[in-house]
Amino acid sequence: MASENPFRSILKTLEKPNGGEFGNYYSLPALNDPRIDKLPYSIRILLESAIRNCDEFQVKSKDVEKILDWENTSPKQVEIPFKPARVLLQDFTGVPAVVDLACMRDAMNNLGGDSNKINPLVPVDLVIDHSVQVDVARSENAVQANMELEFQRNKERFAFLKWGSNAFDNMLVVPPGSGIVHQVNLEYLARVVFNRNGLLYPDSVVGTDSHTTMIDGLGVAGWGVGGIEAEATMLGQPMSMVLPGVVGFKLTGKLRDGMTATDLVLTVTQMLRKHGVVGKFVEFHGEGMRELSLADRATIANMSPEYGATMGFFPVDHVTLQYLKLTGRSDETVSMIEAYLRANKMFVDYSEPESKTVYSSNLELNLEDVEPCVSGPKRPHDRVPLKEMKADWHSCLDNRVGFKGFAVPKEAQSKAAEFNFNGTPAKLRHGDVVIAAITSCTNTSNPSVMLGAALVAKKACELGLEVKPWIKTSLAPGSGVVTKYLAKSGLQKYLNQLGFSIVGYGCTTCIGNSGDIHEAVASAIVDNDLVASAVLSGNRNFEGRVHPLTRANYLASPPLVVAYALAGTVDIDFETEPIGTGKDGKQIFFRDIWPSNKEVAEVVQASVLPDMFKATYEAITKGNSMWNELSVASGTLYEWDPKSTYIHEPPYFKGMTMSPPGPHGVKDAHCLLNFGDSITTDHISPAGSIHKDSPAAKYLMERGVDRRDFNSYGSRRGNDEIMARGTFANIRIVNKHLKGEVGPKTVHIPSGEKLSVFDAAMKYRNEGRDTIILAGAEYGSGSSRDWAAKGPMLLGVKAVISRSFERIHRSNLVGMGIIPLCFKTGEDAETLGLTGEELYTIELPNSVSEIKPGQDVTVVTNNGKSFTCTLRFDTEVELAYFNHGGILQYVIRNLIKQ
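Each chain has its residues counted from 1, following the order in which its sequence is written. pLDDT decides what is reported in this predicted model: residues at 70 or higher carry local features, side-chain atom pairs at 80 or more are listed and counted, and totals for whole chains, interfaces and linings draw on all residues regardless. Only heavy atoms go into the side-chain values, all of them from the structure, while hydrogens and water stay out.

For the purposes of this entry, the term helix denotes a DSSP run of H or I that reaches at least four residues, the term strand denotes a run of E that reaches at least two, and both are numbered from the N terminus. Of regular secondary structure, the chain possesses 31 helices and 34 strands. Between the two quantities, the radius of gyration covers C-alpha atoms and the globule rule is 2.2 Å times the number of residues to the power 0.38. Against the 2.2 N^0.38 benchmark of 29 Å for 898 residues, the chain shows a C-alpha radius of gyration of 27 Å, consistent with a compact globule. Projected onto its principal axes, the C-alpha positions of the chain cover 80 × 80 × 55 Å. Counting every position in the chain, which comprises 898 residues, the buried fraction comes to 63%. By definition, residues are in contact when any of their heavy atoms lie within 4.5 Å. Long-range pairs, those at least 24 residues apart, make up 76% of the contacts in the chain between residues at least 6 apart in sequence. Calculation of accessible area relied on Shrake-Rupley with a 1.4 Å probe; when residues are assessed, cover is drawn exclusively from the protein chains displayed. For the chain, the accessible surface area stands at approximately 31900 Å², while carbon and sulfur atoms represent 47% of it. Side chains of the chain give 93 positive and 105 negative charges; the mean places of these two sets differ by 1 Å. Working definition: with a 1.4 Å probe on protein chains only, accessible area under 20% of the residue-type maximum means buried, over 50% means exposed, and in between means partly exposed. Residues scored as charged are limited to Lys and Arg (positive) and Asp and Glu (negative), so that His and the chain ends carry no count. All charge positions are set by atom: Lys at NZ, Arg at CZ, Asp at CG, Glu at CD.

Listed below in C-alpha cells is the structure:
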C-alpha cells in the first residue's frame, strides 16, 4: 500500500521577490545530483512528477532513479509511471468518455462498490468544438445559422455533457461556440505552473485528441492518449509509459521574408518523419528559438502527430512569458511561473551559457532554408515546394493510385465538365478548388498567418480579383480573440468580400465537418469522375476525411488558402502564371498580393491586444443563451433512455464479476479484413457523414431518424450500436479481400458472400468464430480515436497483426483487450504468402504471469504455415489490463478493492 513520500526532505519554500511566499515545491537542485543538468527539459518534467507522486506503491523510488539515469535507461525501453496534472477532452471524444464514466458508476453499483469513487481526481476541461458544421457559408449570418443547426442536431449530446459537468467533480465544460479546444487551452486553460493548496508543480496534460501536443509550444508537457487511458488518468491511475528517447532539434537563423509558420511546420514535419521519431519526444533548442514567436512554436508542436512524435516540446523562456502576459494572465501568475521554473532548473535563459543537455539524437534546421510549400494530396508529410506544385500535380494525375497518384489517363486529364451554377454556365477541371477553408487550431491560433491571409484578401480586393462563387469558402477561428483582432485591423471586410466570412468557432473542415458542396458542383465531380481539390489550413488531409468528393486535399497556410481560392485551381505555377485578371484587365500575379513580414508584423502589433483575450475568456464560461436554456436531469447516476440514438448504455461491463477473466488466445479465427499500409483511424472509425446505404443509416432509419438528421459518426460516439456499425465504414477504405474494389465491404470467407463489414462480423459471431485483422505499416495512424479500438472489439476482433502500429492506437487496442502483434522485420502478409483466407491460431499461456512484454508469439494457419510475431503488450501494466479484459475493468476492480 501507499506510504509517505520518501522525498519530503527536498520540499522547499519558494519566496516572493518582495517578501512572502508563493508556496512549497519539490526542489530538483536539492537532490544534488549532477545528472539533472544533462537531462532534457521535457524529461525534467517527468522527473518532478515522479518525485512529487512517489508513494512506493503507484510510483516508486526506483522509478525516480530510472528517470534520473535517463541517459543510460532510455535506450533500454524501461517502463515508468506518469501522473499528468490534468486531462483535456473535446466533445467527439469527450461524450464517449463521459458515457464510460456513467456506465462505470453503474458497474460499481452492481458489484456492491461506491459509485462516487468514479470521479475525476484531477482537473478535467472539456471544450465542445467538434460539432459545428459548415452548413451555411459566404453569409453574414453564418455563425448564428450554423450554431442553431448545431444545437438542433446535438441537443441530446450537449444536455448529456451538461449533466456530466454537474454530476462529476473537477469537470469544466466550455460550451459550443467558444473556440477550438487546443487554442482555448493555449490562450486560457493552460496553467504552465500549478499552485494547488500551496504546492507548486509544472502543468502537464493528456488529452483525448492527438493535437493536444499544441500546448508543448507553451512549455507544458502534453500529448494525446486514447479516451480509455484518459478515463483511467482521471480516476487517479498512473499512466504506464516507456521512458522516451529525446531528439534534440536545433534551430538557427530566422525565417526569410514572406515565409509563414505553416511553411516551417511542413518542413519540420517532413524532416522528422524522415528521421523517425515515433514514441520519442522532440525538444527544440538553439539561438533560432529567440526569433520564433510563441504562436509559431505552437503551430510546430500542434503537428507532432503528423511527424509521429509523442511531443514537440519548447521549454519555457522569455518568449513564453511575453505570450502569457499578452493572453491576459496576471502579472502575479507570470511572476510565480518564472520564479518556480528558474528555481527548479526548467527555465531557458539565453543570456546564460547553453546548458549541457544531452539528447538521444540530434537534428538541425537553419530557418533561412525554409521555403513556401503545401502538403498533399493525401498525407500531411508529403510536402511540395510551391515552385514545384504544378509539376507535382501533373505527376499525381499520371501516377498509379496511391498516396501520390490518381491514375487519370493522359487523354482525360484536360477534360472540362460543364455545369450550370445558379443560372450561370460554369466549368470544372481536374485540380479545380471546390473547398477553400481557413480552419484548424494549427493556424487560427497564430495572428501572423491569420492577419497575413486578411492582407492577401485586401490586396486582391483592391486589385479587383474575385473568388468563383461555387468554391465553398469559410473562416472558422479557434477563439473569439481572432474575431476581435480582425475587426480591430479593419481587414475582416476584405475576407468577407472574397467569401471568407466567419462560419463558426470550432474545427469544421479540418475534421470533415465541411458541410455539403453545391449540388451542381457535386454532380459535375461525380458524373465526370473529376479529381476535385480542397485547400485548407488544417493538419490532416487523409483521403475521405475533408469531404467525400475532394480526392485531392492540400494543407496550406491561411494566406495560401486565399491565394488558391482566387486562382481556383491547384494546377498553377504561381511564379509564372497569373492568379487572375484585375479590374483594369491587367494580369495579377501571386507576388502582387503577397504581404511582406514587415506589413504583417505592423498589423499584428497594432491589432492583437491583451484586453481582447481577457474579454473573450471572462465571457467563455458564461455560455450562450442556447446552452444556458438546456434543461438537464440532476442525480449522480445517469438515467439511460433506451430509445436514444445519441446516448446508449454500452455493453462493456455486462456480466462482469470481481474475478479477472485471464488472458485469451485465438483459435481458428477468420481474417475479417486484409489491409495494406497506412490504414488510419479515419478508415477504421470515420468521424464524418453517415452514408445513406450504410448499416448505421439502416439502424437510424429503422428508429425513425430522417436522413437529414443523421448527423455525423463523430457526433454519435455516445451510441455503441451506431459506432459498431460505423466501424470500417469509410467509403475510401481498401481491403485486399475485395480484389481492387474500394469501399466498406468485405468477403465472408466460408460463404464467399460480399457483405458490409458489420454484417460479415455479425455472421462470424453468430457462427461462433473469432476474427483477426491483417495490416501493413502504420496501422491506426491519424487522430487518437478510442472508437477505432472499441468498434473492432464489439465486432468480435480478437487480434490485429500488422507491420507496425501508431502509438496511441496500439495502446487503445490493449485497453479494449485486443491483442496487438507485429510481423518480424522484413516480413508481412505478402512475403509470408498469406492470402487472408486461412484460419489463424495464436497460442498464449492461460496465466498472465507466464507472458512477458514484447515476447515472441507463434501464429499458425490451417494450411500448415506458421510464423513468429512480436507481442506488442509493451509493459507489465498492459498485461494486467489484458488479464482483466480491458483497462476499465481493471480500474473498477481496483477501486472496489481499495
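The next subject is the sheet that holds strand β8 (residues 199-202). At least two bridges found by DSSP between two strands are what make those strands a pair. With mixed pairing, 4 strands are arranged side by side in an open sheet as β1-β2-β8-β7. Each end of this open sheet is capped by a strand with a single partner; those strands are β1 (11-15) and β7 (193-196). Strand-to-strand twist across the sheet, computed as the mean angle between neighbouring axes with direction ignored, equals 35°. Across 2 bridges, the pairing between strand β2 (residues 21-26) and β8 is parallel. Bridge pairing links Tyr-25 to Leu-200 in β8. With respect to the sheet, helix α1 (residues 41-52) is in contact with β2 and β8, its orientation differing from that of β8 by roughly 145°. Throughout, an axis means a line fitted to C-alpha atoms (over the contacting stretch in the case of helices), and angles, computed between N-to-C directions, take values from 0 to 180 degrees. Along the sheet, helix α12 (residues 331-343) contacts β1, β2, β7 and β8; its crossing angle with β2, the most-contacted strand, is approximately 35°.

Relative to strand β28 (residues 753-756), strand β27 (residues 745-748) runs antiparallel, the two sharing 4 bridges. Among the inter-strand pairings, Val-747 is bridged to a residue of β28, identified as Lys-754. In this structure, the hairpin formed by β27 and β28 is closed by a connection of 4 residues, where Gly-752 is found at a positive phi of approximately 75°.

We now examine the packing of aromatic side chains. Each aromatic pair joins two rings of Phe, Tyr and Trp (for Trp, the six-membered one) with centres within 6.5 Å, and gets the label stacked for planes under 30 degrees apart, edge-to-face for over 60, and tilted for any other angle. Applying the stated rule across the entire model yields 28 aromatic pairs. Ring centres of Phe-419 and Trp-470 lie 5.7 Å apart, and the angle between their planes is 80°; this geometry places the pair in the edge-to-face category. Placement of the pair is Phe-419 in strand β18 (residues 416-421) and Trp-470 in the loop between α15 (447-463) and β21 (472-475), with a sequence separation of 51 residues. Trp-470 carries the same exposure label as Phe-419, and that label is buried. Judged by centre distance (5.1 Å) and plane angle (70°), the ring pair of Tyr-881 and Tyr-890 falls under edge-to-face. Taking the relative accessible area as the measure of exposure, Tyr-881 reaches 9% and is therefore buried. Accessibility expressed as a relative area gives 16% for Tyr-890, which makes it buried. Following the ring pairs from residue to residue traces out a cluster consisting of Phe-160, Trp-163, Phe-168, Tyr-638 and Trp-640. Directly above the ring of Phe-589 sits Arg-591, whose terminal nitrogen or CZ lies 4.5 Å from the centroid. Here Lys-790 stacks its cationic end above the ring of Trp-787, 5.4 Å away from the centre of that ring. A ring is considered to have a charge above it if a Lys NZ or an Arg CZ atom is located within 6 Å of its centre and within 35 degrees of its normal.

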